[in-house]
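Structural overview for review
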Amino acid sequence: MAVDSDCLYDKNCACLHCGTTFTSKRVRSGSQPFVKRDTDFCTYFKNQRLNPILYTVYVCPACGFAFTDQFDPVMPPLVRKQIHEKLTSKWISKNYGIIRTMEEAMATYKLAIYSAGLKGEAHSVKAGLYLRLAWLHRFTGNAAEERRFLNVAVEEYERSYIHSDYIKADKEMSEARILYLIGELMRRVERYDQAIRYFAKVAELKDRTIETGIINMARDQWSLAREEYRLKQQQIV
Ligand SMILES: [Zn+2]
């Protein structure tokens, strides 16, 4: 599907690493009809080329550092040195501030994952990047790559939960939501025993949270995971 450029606007950005200013496209909110949402919160719009997740990552054309609004803007000198040595010195300038294809969007996530690793971003930030990269592969029907990135995403969310770093790094994440998401991603990568364990933890929050939507979703996915687990064990026997 072609992209109506009226649905996009240019956002002014300043590189967190080198300070270069550049523009990056963003999707105007409300410009795309919502179609559906998967049980791991992956959202579909009428024109998937205009799904806002294609434009979440900003890539500095001058130094190659790639980041999102969730990145911590503080850049200690040692981190700057690392980025310079391992990224900027090898960077061949490319402008991602244009209308992106799915493949270009995937490339921006890979750059952001590499940048987040060099910078030591919070596990929840890394997890969010891996999860969205998995979703882009879901959009293009590449189940093997989707599963590969879901596996890494769930491990990063688990670390984030253990270290509680999502509390500071991701304002939209709550305890119920992260536990649910870990459970659901575990179910999707067929680690059913883990999925069941995490859905049970969501249920334990029942009297301590106002997020009844999440509690209900966890209950549904918990029964689904138990059923899938049972079927899988039958197959093994
Ligand atoms: Zn830069």
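Structural notes, computed from the coordinates. (Residues numbered from 1 in each chain as written. Predicted model: local features only at pLDDT ≥ 70, side-chain atom pairs only at ≥ 80, totals over all residues. Heavy atoms only, no water.)

1. Describing the side chain of lysine 119
Looking at the secondary structure, you find lysine 119 in helix 2 (residues 102-119). Reaching out from lysine 119, the side chain makes a polar contact with the side chain of glutamate 121 at a distance of 2.8 Å. (Helix = DSSP H or I, 4+ residues; strand = E, 2+ residues; numbered from the N terminus. Polar contact = N/O pair within 3.5 Å; in protein donor to acceptor, adjacent residues only side chain to side chain.)

2. Section: the coordination of the zinc ion
All of the protein donors around the zinc ion are Cys15 (SG), Cys18 (SG), Cys60 (SG) and Cys63 (SG); their distances to the metal are 2.2 to 2.3 Å. Classification of the site at the zinc ion rests on its four donor atoms, whose angles at the metal span 105 to 117°, yielding the label tetrahedral. Motif for the zinc ion, donor spacing along one chain: C-x2-C-x41-C-x2-C. With a gap of 45 residues between them, cysteine 15 in the loop between strand 1 (8-14) and strand 2 (21-27) and cysteine 60 in the loop between strand 5 (58-59) and strand 6 (66-67) connect regions that are remote in the sequence. For cysteine 15, a relative accessible area of 5% translates into the label buried. The exposure class of cysteine 60 is buried, given its relative accessible area of 0%. (Donors = N, O, S within 2.8 Å, 3.2 Å for Na, K, Ca; no water. Tetrahedral: all angles 85-135°; square planar, octahedral: opposite > 155°, others 65-115°. Buried < 20%, exposed > 50% of the residue type's maximum accessible area, 1.4 Å probe, protein only.)

3. Looking at the environment of isoleucine 99
Tracing the sequence through the fold places isoleucine 99 in the loop between helix 1 (77-86) and helix 2. Linking isoleucine 99 and serine 5, residues 94 residues apart in sequence, is a C-alpha distance of 8.0 Å. Excluding residues within four positions of it along the chain, isoleucine 99 makes contact with Val3, Ser5, Leu8, Lys25, Arg49, Tyr55 and Glu104. (Contact = heavy atoms within 4.5 Å.)

4. A few points about the pattern of salt bridges
Taken as a whole and judged by the stated rule, the model has 19 salt bridges. With its nearest N and O atoms 3.9 Å apart, the salt bridge here joins lysine 36 to aspartate 38. The exposure class of lysine 36 is partly exposed, given its relative accessible area of 41%. Its salt-bridge partner being arginine 147, residue glutamate 190 comes within 3.0 Å of it at the nearest N-O pair. Highlighted residues: glutamate 190 in the loop between helix 6 (175-188) and helix 7 (192-204) and arginine 147 in helix 4 (residues 143-163), separated in sequence by 43 residues. Given the relative accessible area of 34%, glutamate 190 is considered partly exposed. A network of salt bridges, in which partner residues are shared, links Lys36, Asp38, Asp40, Arg138, Glu146, Glu184, Arg187, Arg188 and Glu228. (Salt bridge = Lys/Arg side-chain N within 4 Å of Asp/Glu carboxyl O.)

5. Focus on the packing of aromatic side chains
Think of a pair of aromatic rings as described by two things: how far the centres are apart, and how the planes are tilted against each other in angle. The full count for this structure, using the stated rule, is nine aromatic pairs. Ring centres 5.8 Å apart and planes at 20° place the aromatic pair phenylalanine 65 and phenylalanine 67 in the stacked group. Comparing phenylalanine 65 with phenylalanine 67 shows no difference in burial state: the two are buried. Through a chain of ring-to-ring contacts, the aromatic side chains of Tyr58, Phe65, Phe67 and Phe71 assemble into a single cluster. Its guanidinium or amino end placed over the ring of tyrosine 44, lysine 36 lies 4.4 Å from that ring's centre, counting from NZ or CZ. (Phe/Tyr/Trp six-rings, centres within 6.5 Å; stacked < 30°, edge-to-face > 60°. Lys NZ or Arg CZ within 6 Å of the ring centre and 35° of its normal.)

6. Side note on the pairing of strand 2
Most of strand 2 sits out of view: five of its seven residues are buried. Both strand 1 and strand 2 contribute to a ladder of seven bridges, which runs antiparallel. Note that in strand 2 the partner of leucine 8 across the bridge is valine 27. Where strand 1 folds back onto strand 2 in an antiparallel hairpin, the turn is made up of six residues, including glycine 19, whose phi is positive at roughly 85°. (Pairing = 2+ DSSP bridges.)

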